[in-house]
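Survey of secondary and tertiary structure
Single-letter residue listing:
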Amino acid sequence: MLKQFPFSPILGWSVSRFDTFSYCKRKYYYSYYGRFDREFSVDKINQLKKLTSEALTIGSLAHDVIEAILKRLQKSTDIIDEARMKNFVKQQVQKYMLDHTFSEVYYKEKESIDENYIAESVFNAVLIFMKSERFEWVKQLPASSKQQWIIEPDGFGETRIQTDRGELKAYCKVDFMLPNGRDIYILDWKTGKADEFKHRKQLIGYSLFASFHFENKFDRIIPILAYLKDGYTEVIPEISERDIENFKDDMLAETRAMHNMNRDIENNTPVDKNEFTLTESEGKCKYCEFRELCGRV
């Protein structure tokens, strides 16, 4: 149902990629160009890149469980037993923790991670969604809609966005996209605190993703931020044509800034590592998975 693209090495813009670029150029280098490093092994860089945290784990697992619930809902509207769901969440947490190393433990901030805290946090986030009016609305949608749901699609959400300077490669992966008549809704789950600027930017990207892949098949695209912390809250921003043009201008400028750190843009080859400077705000470093490599542990 979504357009596919042949592999191309040129970098693709995304909110998260440019966030990393803005956060710290050296973190950006290790995150995207570790294979070019000559100081540290690729295995070491990849080990640090795979570190997770309590907050990231809660968010990731909440997405996974909601994905499972929505896929079940495509087949059955039977009531979900909370006790069974809680056990399912616990199993997913146990499996996840076996396969991942937490930065809090790796950097000796904690001796261990509280499995029960993770499981309870994930369960509560999912339960908040299941008790929301939005979930009841989703359950009542006709079968014709459910057959067209796009739930956590495979891949990275690759798309193309048309700007004044041509078509740009971008990644805007949606959580849940569903049609309802002539409208298409996009829901994005958030288990952390609200970030109005960043999250709004993501929603505009998702709207352009839907517009591109479905070639304006729908009269309206309705993106929704669904916050799952401390009670269900929705934000449905109004997105004007001016907002979209501003987004495209920003995306073009951000892509150019990242291209400036390429020796070869078409092949996405970076300049030397020493040109990827460390952030001047050392307070950020305590949250960075690569701080061991920079001597800022």
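Shown above is the structure to which this text applies.
In short, a report on the structure. Computed from a predicted structure; not experimentally measured.

Definitions and limits used
- Residues numbered from 1 in each chain as written.
- Predicted model: local features only at pLDDT ≥ 70, side-chain atom pairs only at ≥ 80, totals over all residues.
- Heavy atoms only, no water.
- Pairing = 2+ DSSP bridges.
- Helix = DSSP H or I, 4+ residues; strand = E, 2+ residues; numbered from the N terminus.
- Buried < 20%, exposed > 50% of the residue type's maximum accessible area, 1.4 Å probe, protein only.
- Salt bridge = Lys/Arg side-chain N within 4 Å of Asp/Glu carboxyl O.
- Polar contact = N/O pair within 3.5 Å; in protein donor to acceptor, adjacent residues only side chain to side chain.
- Contact = heavy atoms within 4.5 Å.

On to the sheet that holds strand β7 (residues 233–235), then. Across the sheet, which stays open at both edges, the five strands sit in the order β1-β4-β5-β6-β7 with mixed pairing between neighbours. Looking at the sheet topology across the chains shown, the edges are occupied by β1 (150–151) and β7.

Look at any regular strand and the pattern is simple: side chains alternate between the two faces of the sheet. Among the five residues of strand β4 (residues 176–180), four are classified as buried, and the element is accordingly described as predominantly covered. Pairing of β1 with β4, which is carried by two bridges, proceeds in the antiparallel orientation. In the sheet register, I150 faces β4, and the bridge partner there is M177. From the end of β4 to the start of strand β5 (residues 183–190), which pair antiparallel, there are two residues, and G181 there has a positive phi angle of about 70°.

This brings us to the pattern of salt bridges. Applying the stated criterion to the full structure yields 22 salt bridges. Across the salt bridge formed by E120 and K86, the nearest N and O atoms sit 3.7 Å from each other. With E120 in helix α7 (residues 115–130) and K86 in helix α5 (residues 82–99), this residue pair connects regions lying 34 residues apart in the sequence. Among the residues examined, K86 registers a relative accessible area of 38% and is labelled partly exposed. Residue D243 is joined to R200 by a salt bridge in which the shortest nitrogen-to-oxygen separation is 2.7 Å. Placement of the pair is D243 in helix α11 (residues 241–259) and R200 in helix α10 (residues 196–214), with a sequence separation of 43 residues. Judged by its relative accessible area of 22%, D243 falls in the partly exposed class. Here the residues in one salt-bridge network are D37, E39 and K273, joined through shared partners.

This brings us to the side chain of T20. Residue placement: T20 occurs in helix α1 (residues 15–23). The class for T20 is buried, based on a relative accessible area of 14%. Within the structure, T20 has its side chain in polar contact with the backbone oxygen of S16 (distance 3.0 Å). When near neighbours in sequence (up to four residues on either side) are disregarded, T20 contacts K27, Y28, S31 and Y32.

Just geometry here; none of it tells us what the structure is for.
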